[in-house]
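Each chain, written out:
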Amino acid sequence: MYKDLKDKVVVITGGATGLGRAMAVRFGQEQAKVVINYRNNENEALEAKKEVEEAGGQAIIVPGDVTVEGDVINLVQTAVKEFGTLNVMINNAGVENPVPSHELSLDNWNKVIDTNLTGAFLGSREAIKYFVENDIKGNVINMSSVHEMIPWPLFVHYAASKGGMKLMTETLALEYAPKGIRVNNIGPGAMNTPINAEKFADPVQRADVESMIPMGYIGKPEEVASVAAFLASSEASYVTGITLFADGGMTKYPSFQAGRG
Ligand code: BGC
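What counts, and where the lines are drawn
Residues numbered from 1 in each chain as written. Predicted model: local features only at pLDDT ≥ 70, side-chain atom pairs only at ≥ 80, totals over all residues. Heavy atoms only, no water. Near = heavy atom within 4 Å. Polar contact = N/O pair within 3.5 Å; in protein donor to acceptor, adjacent residues only side chain to side chain. Areas by Shrake-Rupley, 256 points an atom, 1.4 Å probe, with all protein chains shown as cover. Nonpolar A, V, L, I, M, F, W, Y, C, P; charged D, E, K, R; others polar. Pairing = 2+ DSSP bridges. Helix = DSSP H or I, 4+ residues; strand = E, 2+ residues; numbered from the N terminus. Axes fitted to C-alpha atoms, helices over the stretch in contact; angles between N-to-C directions. Contact = heavy atoms within 4.5 Å. Phe/Tyr/Trp six-rings, centres within 6.5 Å; stacked < 30°, edge-to-face > 60°. Buried < 20%, exposed > 50% of the residue type's maximum accessible area, 1.4 Å probe, protein only.

> Which residues make up the site of the ligand, and what values do they have?
By nearness alone, every residue bordering the ligand is listed as Glu96, Ser145, Val146, His147, Trp152, Tyr158, Gly189, Ala190, Asn196, Lys199 and Met250. For the ligand, an oxygen atom lies 2.7 Å from a polar atom in the side chain of His147. Separating an oxygen atom of the ligand from a side-chain N or O atom of Tyr158 is a distance of 2.6 Å. Contact with the protein chains hides 92% of the accessible area of the ligand, taken as 310 Å² for the molecule alone. Taken together, the residues that form the shell around the ligand break down as 5 nonpolar, 4 polar and 2 charged.

Here it is as structure tokens:
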């Protein structure tokens, strides 16, 4: 637990499910005030809110699509109106939709880039604007992926969005460091979340992915949530512009394990 997270106002886009929900609950355990953004599944958001409250935090739910500028502006304004301020912005909402690159439609490309990269930019911009105008040493956490560094056939739009996020985060970190605003990425590997449910329900595909993880298992959402809590806390006060990978070693060239090569 991080004592200074108590009563901090934390906005999480895509906070109703997957890694977003795990982070919401973790910040609930830290007794923070959590703003759960969701796009269309209100029931899921209400379940997440209940879990945050049961964990010891406060929560509100706010609908909104991160690709719509007005929705992101409204999200930050609602957080401030309901909980009085903003301390941590977590740009977590993301989508993936694999297709061979030569068949990838512009629509599909745009949807992934708009959600994963432009959505994170809008969330970062609105949060940082609030921090600057109100002299708050807040922090932004962007949910990246191992695919900000590992190329991923069939997922060119996804990999491009996360690669873009890497330099977006580094640039924002550099630009706002003098104001004490920190901006970091989390880079999860293969996690047990709804986005992967179908893939990991198939034992063959699951074993295949596990063979690419030096630690040998698919990560638990809580293992990303704990990284978010650390980065948001003052224990990480000197950490900015990094990607903290929570990937069981997936980015460390697992094919070279046991001295191969
Ligand atoms: C993707 C997962 C994938 C993992 C490792 C993540 O960014 O969302 O679907 O399993 O990367 O490849």
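The discussion continues.
> Give me the lowdown on the sheet that holds strand 4 (residues 88-91), citing residues and values where you can.
Within the open sheet, the 7 strands sit side by side as 3-2-1-4-5-6-7. Their pairing is parallel. The outermost strands of the open sheet, each flanked by one partner alone, are strand 3 (58-63) and strand 7 (243-246). On average, adjacent strands in this sheet sit at an angle of 20 degrees to one another, irrespective of strand direction. Here 3 bridges tie strand 1 (residues 9-12) to strand 4, and the two strands are oriented parallel to one another. Across the sheet, the residue bridging to Val11 is Met89, located in strand 4. The sheet strands contacting helix 3 (residues 69-83) are strand 1, strand 2 (33-38), strand 3 and strand 4, and the helix crosses strand 3 at an angle near 150 degrees. The strands touched by helix 8 (residues 222-232) are strand 4, strand 5 (139-143), strand 6 (182-188) and strand 7; relative to strand 6, the strand with the most contacts, the crossing angle is about 170 degrees.

> Give a description of the packing of aromatic side chains that names residues and reports values.
Taken as a whole and assessed by the stated rule, the structure comprises 3 aromatic pairs. For the ring pair Trp152 and Phe155, a centre distance of 3.5 Å and an interplane angle of 5 degrees mean the geometry is stacked. Ring geometry for Trp152 against Tyr158: centres 5.6 Å apart, planes inclined by 70 degrees, an arrangement best described as edge-to-face. On the basis of relative accessible area, Tyr158 is assigned to the buried category, the value being 10%.

> Before we move on, could you go through unusual backbone geometry and cite the residues and values that matter?
Although it is not a glycine, Asp7 adopts a positive phi angle of roughly 70 degrees. The topology assignment puts Asp7 in the segment before strand 1. Located in the positive-phi region is Leu154, a residue other than glycine, with phi close to 75 degrees. Along the polypeptide, Leu154 turns up in the loop between strand 5 and helix 5 (156-176).

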